[in-house]
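# Overview (structure and organization)
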Amino acid sequence: IEFISPYKIIKFLKKSDNYFTRIDGIIWYSPSIFFGVLIRYLKKKFKCPSYLILRDHFPDWAVDLGLMSKGPHYWFFKAIESYQFYVADVIGVQSEGNISHVKFWEKNNLRKVEVLNNWISDEKNIGCSIDINKTKLSGRKIFLYAGNMGVAQNPEVLVEIAKKFKNNKNLGFLFVGRGEYAKRIRNDIKKYKLDNCETFSEIKYDEIPGLYSQCHVGMLSLNFSHKSHNIPGKFISYISSGLPVLAIVNKNNDLIKIINENNIGQVITEKNIHDSKKLVQNFINNIDRNMSDRCKKLKDAQFSSNSASEHILKALSP
């Protein structure tokens, strides 16, 4: 469906009575990797520049996680990916480390490559259908994982952290979201009789601020097999609400530097996972109001929607 959708859109545009009379620039987002054909068509028709916001390194991440081998399917997807790089005038990656993924285009000066941080807009707290005070975690300091639960995230490692604090009545671990690992998380919590854990299915987006306001730490995890650098959207949403971050990520991830240099959380990698209980306990002991303020300041300085839009418009300007 993704492969043919650009052709269907082009066909629709040609038949539309309300077709654009003028386009000054094109901005598109990857994933998906299949919109290169559509962008090429629009660029040719309107003779305007384009900006690719690159947020996914498919199919390479699928190879890293063992979901795909470097066979015919891989090289087909690589060709599609390369074509979208070809039609872009500017490629914006989400961190410095990801520039290496498009090094051919940068090294040979074929396309402009730059870092475009992820972003988030401020949202109002309208409340949340989840009331932690009505759960078994009431009165505890809450560590929250909110979002997709899949192989790329490997949230099971966070359950392992929760197991280490099973007898600590002051801490609670809350998992909210959906995905292929969601059932596994619930089963593990039941299997190990983790009374310090609670799970809920995905909630509406506008309830997220209300959920965050009840929590103390935002958790994220990335599969250790990742070779690319990923600044997850949940990281930005956490710090936007002033939540310090407990991040379990692949080695050399750019997120490590961001968290450590700004002193907004604790990072655990595969190298020091065996010391995770000690690291988390030390993190808990050092959380204060200043850390929450630093989170919000970092978001405003580097991850706001205004800064992202200004960055893109400047890149597309003659």
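Residues numbered from 1 in each chain as written. Predicted model: local features only at pLDDT ≥ 70, side-chain atom pairs only at ≥ 80, totals over all residues. Heavy atoms only, no water.

### A closer look at the overall build of the chain
When helices and strands are counted, the chain shows 13 helices and ten strands. For 318 residues, the compact-globule formula gives about 20 Å, and the C-alpha radius of gyration of the chain, at 21 Å, lands near that figure. Taken along the three principal axes of its C-alpha coordinates, the chain extends 65 × 45 × 35 Å. Counting the 318 residues in the chain, one finds 51% classified as buried. Of the contacts formed within the chain by residues at least 6 apart in sequence, a portion of 74% connects residues at least 24 apart. Of the roughly 16900 Å² that the chain leaves accessible, carbon and sulfur atoms contribute 50%. Placing the 47 positive and 31 negative side-chain charges of the chain at their respective mean positions leaves the two points 3 Å apart. (Helix = DSSP H or I, 4+ residues; strand = E, 2+ residues; numbered from the N terminus. Rg over C-alpha atoms; globule rule 2.2 N^0.38 Å. Buried < 20%, exposed > 50% of the residue type's maximum accessible area, 1.4 Å probe, protein only. Contact = heavy atoms within 4.5 Å. Areas by Shrake-Rupley, 256 points an atom, 1.4 Å probe, with all protein chains shown as cover. Lys, Arg positive; Asp, Glu negative; His and termini not counted. Charge placed at Lys NZ, Arg CZ, Asp CG, Glu CD.)

### With respect to the environment of serine 32
Relative to the assigned elements, serine 32 resides in the loop between strand E1 (26-30) and helix H2 (36-46). Note on serine 32: relative accessible area 11%, which makes it buried. For serine 32 and lysine 314, which are 282 residues apart along the polypeptide, the C-alpha to C-alpha distance reads 24 Å. Those residues in contact with serine 32 that lie beyond four places of it in its chain are Glu2 and Gln84.

### Comments concerning the pattern of salt bridges
Scanning all chains against the criterion turns up eleven salt bridges. The salt bridge involving aspartate 89 is made with lysine 43; its shortest N-O contact spans 3.0 Å. Of this pair, aspartate 89 sits in the loop between helix H4 (72-87) and strand E3 (90-93) while lysine 43 sits in helix H2, and the two are 46 residues apart along the sequence. Residue class for lysine 43 comes out buried when judged on its relative accessible area of 18%. Put simply, arginine 184 and glutamate 156 hold a salt bridge, and the shortest N to O gap is 3.5 Å. (Salt bridge = Lys/Arg side-chain N within 4 Å of Asp/Glu carboxyl O.)

### A look at the packing of helix H1 (residues 5-15) against H2
In helix packing, the relevant descriptors are the interaxial angle and the interaxial distance, both defined with respect to the helix axes. Where H1 contacts H2, the axes come no closer than 8 Å and their chain directions differ by 30 degrees. It follows from the interaxial angle that H1 and H2 lie roughly parallel. Pair H1 / H2 crosses with right-handed handedness. Packed against H1, whose contacting residues are Pro6, Tyr7, Ile9, Ile10, Leu13 and Lys14, the element H2 presents Val37, Leu38, Tyr41 and Leu42 at the interface. (Axes fitted to C-alpha atoms, helices over the stretch in contact; angles between N-to-C directions. Parallel < 35°, antiparallel > 145°, perpendicular 65-115°, else oblique. Left-handed = near helix turned anticlockwise from the far one by under 90°.)

### Describing the environment of threonine 135
Mapped onto the elements, threonine 135 comes out in the loop between strand E4 (112-115) and strand E5 (141-146). Given a relative accessible area of 16%, threonine 135 falls into the buried group. Put simply, threonine 135 and glutamate 198 are 63 residues apart on the chain and 7.9 Å apart in space, counted from C-alpha to C-alpha. In this structure the side chain of threonine 135 is engaged in a polar contact, spanning 2.8 Å, whose partner is the backbone oxygen of isoleucine 132. (Polar contact = N/O pair within 3.5 Å; in protein donor to acceptor, adjacent residues only side chain to side chain.)

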